[in-house]
Amino acid sequence: IYMNLAVFLSLGETWEELEQKGQAQLLLQENLNFYSKNFKKVYVFSYGKKSAQLKSNIYLIGNRWWIHLFAYWFLLPIFNFKFLKEVHVLRGMQLTGALSALITKLFFKKRIAINYGYNYSEFAKIEGRNRGDRLARFFHVGAGGRQRLQRCGRDCPRSEAVGARR
């Protein structure tokens, strides 16, 4: 195994919050452990301050500058240049994890995989988040919708929990 993977959590998601809600263990079991078996190193980028080595080859990279989440969303690839230059595949978690992954792709010309689990625009409307609705519609139109989001193909293994669709 020679490739490294970067995993971008959804906008504003912190490892600390995932731990509090019991979701960190789920993410480790369902995704990160699988990735760690198929990649030399796995870097998980969080919006929280915490940085840690989660397992022998899984590294949590936090927002150590404590920059506002919207600014960090755009600047994450610049602030984490030293990690991202050695990554081969980018993995955005949900649509809001896509922006940092797409910006990184522009800088480094890496392969990218993004999951798009539900209609963010409709969800944002239900939650009363007008900005979220506009942002989701922008990304859906800007990325050409689901069909045009570039997949990483054979080089990006998928968790069996998610399914082996390509």
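Residues numbered from 1 in each chain as written. Predicted model: local features only at pLDDT ≥ 70, side-chain atom pairs only at ≥ 80, totals over all residues. Heavy atoms only, no water.

(A) Inspection of the overall build of the protein chain at higher detail. A count of helical and extended segments in the protein chain gives eight helices and six strands. Going from the N terminus to the C terminus, the protein chain shows its helices and strands as β-α-α-β-β-β-α-α-β-α-β-α-α-α. Looking at the protein chain as a whole, 44% of its 166 residues qualify as buried. Long-range contacts, defined here as pairs at least 24 residues apart, represent 58% of the contacts in the protein chain between residues at least 6 apart. (Helix = DSSP H or I, 4+ residues; strand = E, 2+ residues; numbered from the N terminus. Buried < 20%, exposed > 50% of the residue type's maximum accessible area, 1.4 Å probe, protein only. Contact = heavy atoms within 4.5 Å.)

(B) The pairing of strand 3 (residues 52–55), seen in detail. When strand 3 meets strand 4 (residues 58–61), the two strands line up antiparallel, connected through three bridges. Within strand 4, the position partnered with Q53 by the bridge is Y59. (Pairing = 2+ DSSP bridges.)

(C) The pattern of salt bridges, seen in detail. By the definition in use, this model includes two salt bridges. With a shortest N-O distance of 3.0 Å, K50 and E19 are connected by a salt bridge. With K50 in the loop between strand 2 (41–45) and strand 3 and E19 in helix 1 (residues 15–20), the pair connects residues that are 31 residues apart, well separated along the chain. Of the charged contacts, one joins E86 and K41 as a salt bridge, the two residues approaching to 3.5 Å between their closest N and O atoms. Residue E86 is found in the loop between helix 4 (81–84) and strand 5 (89–92), and its partner K41 is found in strand 2; the two are separated by 45 residues along the sequence. (Salt bridge = Lys/Arg side-chain N within 4 Å of Asp/Glu carboxyl O.)

(D) Representation of the packing of aromatic side chains. The tally for this structure, following the rule as stated, stands at ten aromatic pairs. Each ring, one from F81 and one from F108, has its centre 5.4 Å from the other, and the planes form 40 degrees; the classification is tilted. Of the two residues, F81 is situated in helix 4 and F108 in helix 5 (residues 98–108); the sequence distance between them amounts to 27 residues. Judged by its relative accessible area of 44%, F81 is partly exposed. (Phe/Tyr/Trp six-rings, centres within 6.5 Å; stacked < 30°, edge-to-face > 60°.)

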